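Close look at the chain arrangement
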Amino acid sequence: MGKIPYADTVQSYQLTLIDTTNASVYEEFTYLHFRSLLQNLTPDVPVLGIGVKLAGNPIGLALASYSPQVYGQILSLFVVPSHRRQGVGTALMARMETELQHRGCTEIEINYLTSSHSPALEGILTHQKWSTPKATALVCYASTDRVEQTKQPHLTQYLDRLLTNLPADYSLFPWNTLTNKERKEIVQQVETDALVRRFNPFSEEKKLEPLNSLGLRYQNQVVGWIITHRIAPDTIRYTQMFVNPKSQPLSRSTLLLARAIQLQVENLPHTKGTFRVDIDNTPMVKFVHRRLKPYLNEIRYAWSATKVVL
Ligand SMILES: CC(C)(COP(=O)(O)OP(=O)(O)OC[C@H]1O[C@@H](n2cnc3c(N)ncnc32)[C@H](O)[C@@H]1OP(=O)(O)O)[C@@H](O)C(=O)NCCC(=O)NCCS
């Protein structure tokens with residue numbers, strides 16, 4: 001059979017704005033954490049879904065959130081494998097751009113992780129004159145099995161060495177034993193110090209993982225923390241790792257990290273861990289490549305691209 005002309009193929013697809021009446025058939029085309037957004041697509045919610053159907057069957061979805069008159073963010077883009085490479089993704093992105101523009105957005109953004117699909121997405125971004133994607137972070141994936149099987153003795157030795165050399169005026173403590181006074185002081189720092197704000201330990205407190213969220217005290221002052229969250233029954237996200245660089249060496253934060261990993265390995269066998277490091281956090285990016293790599297199953301890059309749509 002000869003190749004179907006590109007234009008004809010595209011014309012036979014039907015693109016529609018999704019609302020609560022037709023959202024459910026597109027559910028499996030987006031990430032689990034965006035499905036509630038898809039189910040609540042009412043006109044007063046600043047979220048847009050565009051679905052594609054072929055002969056009545058749903059085959060693709062683009063989802064975006066936006067601040068009216070300002071900014072739009074593509075949350076997900078998906079085309080079923082059997083209909084890829086026929087211009088459907090391109091058509092979805094073009095329509096989404098127009099819809100966001102109609103709602104007054106002047107800039108649109110997409111964030112994504114490196115995957116086997118990146119060339120396809122980047123092809124669309126290039127054609128549609130988006131900015132060249134920029135790496136924004138490393139996203140790392142690990143498992144207790146991998147840590148145990150391959151490097152656990154190294155981790156333990158490293159930790160033992162750090163703990164042995166830790167001066168007596170330092171102590172590690174479970175984060176959930178932070179005193180009210182200490183909490184108030186940190187809340188104040190979050191408000192006044194941009195660096196502490198960036199590593200705010202109090203976000204998503206409902207999901208805080210008590211097992212290995214830890215603080216570090218130096219001369220009775222809290223000078224650092226590692227804050228973890230249970231993001232799935234078998235997965236802990238290492239969300240914030242901070243030791244004030246004004247007063248502390250980097251090894252103090254790696255101590256927190258090593259201890260937190262060890263607690264997970266010892267107490268939660270066969271579970272997973274994940275964390276993200278901003279690309280401009282150079283010391284930590286280096287630490288990931290030099291020291292943590294052997295413990296990780298995978299390192300992926302997070303990318304961001306934008307387009308001005310005046
Ligand atoms: C990304 C995705 C939506 C692209 O959909 P699609 O309908 O195949 O895209 P298009 O057919 O419009 O192709 C767009 C461009 O990328 C190119 N392309 C498509 N697949 C490609 C691939 N695997 N490798 C290299 N280039 C590819 C196309 O050739 C086209 O460029 P061209 O016009 O110069 O030929 C689809 O691959 C997908 O659903 N992937 C899984 C979900 C995902 O990763 N989404 C992105 C992050 S949210």
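To be clear, the structure that these remarks concern was listed above.
Here goes a summary of the coordinates provided. (Residues numbered from 1 in each chain as written. Predicted model: local features only at pLDDT ≥ 70, side-chain atom pairs only at ≥ 80, totals over all residues. Heavy atoms only, no water.)

1. Concerning unusual backbone geometry
For clarity, the cut-off: Secondary structure counts use DSSP, requiring at least four H or I residues in a row for a helix and at least two E residues in a row for a strand, with both numbered from the N terminus.
Its identity is not glycine, yet Ala55 carries a phi of approximately 50 degrees, on the positive side. In this fold, Ala55 is placed in the loop between strand E2 (47-54) and strand E3 (57-67).

2. Here we look at the nonpolar core
Short version of the rule: In this text, buried Ala, Val, Leu, Ile, Met, Phe, Trp, Tyr and Cys residues form a nonpolar core when linked through side-chain atoms within 4.5 Å. The buried label goes to any residue with under 20% of its type's maximum accessible area, the exposed label to any with over 50%, and the partly exposed label to all in between, with areas taken from a 1.4 Å probe on protein chains only. Working rule for contacts: check all heavy atoms of both residues, and any pair within 4.5 Å makes them a contact.
The biggest cluster of nonpolar side chains holds 37 residues, and the ones touching the most others in it are Leu38, Ile74, Met96, Leu100, Ile110, Leu125 and Trp130. Looking at this core, the elements with two or more residues in it are E2, E3, strand E4 (71-79), helix H3 (88-102), strand E5 (107-113) and helix H4 (118-127). Per-element tally for this core: the top contributor is E3, with six residues. Setting aside chain neighbours within four positions, we find Trp130 in contact with Ile74, Met93, Glu97, Ile108, Glu109, Ile110, Leu125, Ala305, Thr306 and Lys307. Core analysis: the second largest hydrophobic core is formed by 35 residues, Leu162, Leu216, Ala260 and Val277 among them.

3. Side note on the packing of aromatic side chains
Condition: Here a pair means two rings of Phe, Tyr or Trp (six-membered ring of Trp) with centres within 6.5 Å. Their orientation is stacked below 30 degrees between planes, edge-to-face above 60, and tilted elsewhere. Look at NZ for Lys and CZ for Arg. If either is within 6 Å of the ring centre and within 35 degrees of the ring normal, a charge sits over the ring.
Counted under the stated rule, the structure contains 10 aromatic pairs. Taking the centre distance of 4.9 Å and the plane angle of 40 degrees together, the rings of Trp225 and Phe242 count as tilted. In this pair, Trp225 is assigned in strand E9 (residues 221-232) and Phe242 in strand E10 (residues 235-243), connecting sequence segments 17 residues apart. Trp225 sits in the buried class, given a relative accessible area of 1%. Between Tyr301 and Trp303, the aromatic rings sit 6.3 Å apart at their centres with planes inclined by 40 degrees, giving tilted as the arrangement. Taking the relative accessible area as the measure of exposure, Tyr301 reaches 32% and is therefore partly exposed. One aromatic cluster in this structure is built from Phe173, Trp175, Phe199, Phe202, Trp225 and Phe242. Its end group placed over the ring of Phe202, Arg183 keeps NZ or CZ at 4.3 Å from the ring centre.

4. A few points about the site of the ligand
Convention followed: The near set for a molecule or strand comprises every residue that places at least one heavy atom within 4 Å of it. The term polar contact refers here to a pair of N or O atoms within 3.5 Å; inside protein, the definition further demands a hydrogen-donor-capable atom paired with an acceptor-capable atom, and it admits residues adjacent in sequence only when both atoms are side-chain atoms. Using the Shrake-Rupley algorithm and a 1.4 Å probe, accessible areas are obtained, with residue cover drawn only from the displayed protein chains.
Taken together, the neighbourhood of the ligand is formed by 16 residues, with Arg85, Gly87, Gly89, Thr90 and His127 sitting nearest. In this structure, Arg85 approaches the ligand through a main-chain N or O atom, which is 2.7 Å from an oxygen atom. One of the side-chain nitrogen or oxygen atoms of Thr90 is found 2.5 Å away from an oxygen atom of the ligand. Coverage of the ligand by the protein amounts to 76% of the 930 Å² it exposes when considered alone.

5. Some thoughts on the sheet that holds E3
Strands in a sheet are paired, the pairing made by backbone hydrogen bonds, and the direction either parallel or antiparallel. Selection criterion: At least two DSSP bridges between two strands are needed for those strands to be called paired. Inter-axis angles, ranging from 0 to 180 degrees, are taken between N-to-C directions of lines fitted to C-alpha atoms, where helices are fitted over the stretch in contact.
Spatially, E1-E2-E3-E4-E5-E12-E6-E11-E10-E9-E8-E7 is the arrangement adopted by the 12 strands of the open sheet, whose pairing is mixed. In the strand order of this sheet, the two ends are held by strand E1 (13-17) and strand E7 (170-174), each with one partner. The mean inter-strand angle of the sheet, taken between neighbouring strand axes irrespective of direction, is 20 degrees. When E7 meets strand E8 (residues 214-218), the two strands line up antiparallel, connected through five bridges.

6. Observations regarding helix H8 (residues 250-267)
Rule in force here: For a helix, the expected span equals 1.5 Å multiplied by the number of residues minus one.
End to end, H8 covers 26 Å across 18 residues, agreeing with the expected 26 Å (1.5 Å per residue, within 8%). The element H8 is largely enclosed, with a buried count of 13 among its 18 residues.

Without other data, these values stay purely geometric and don't point to any function.
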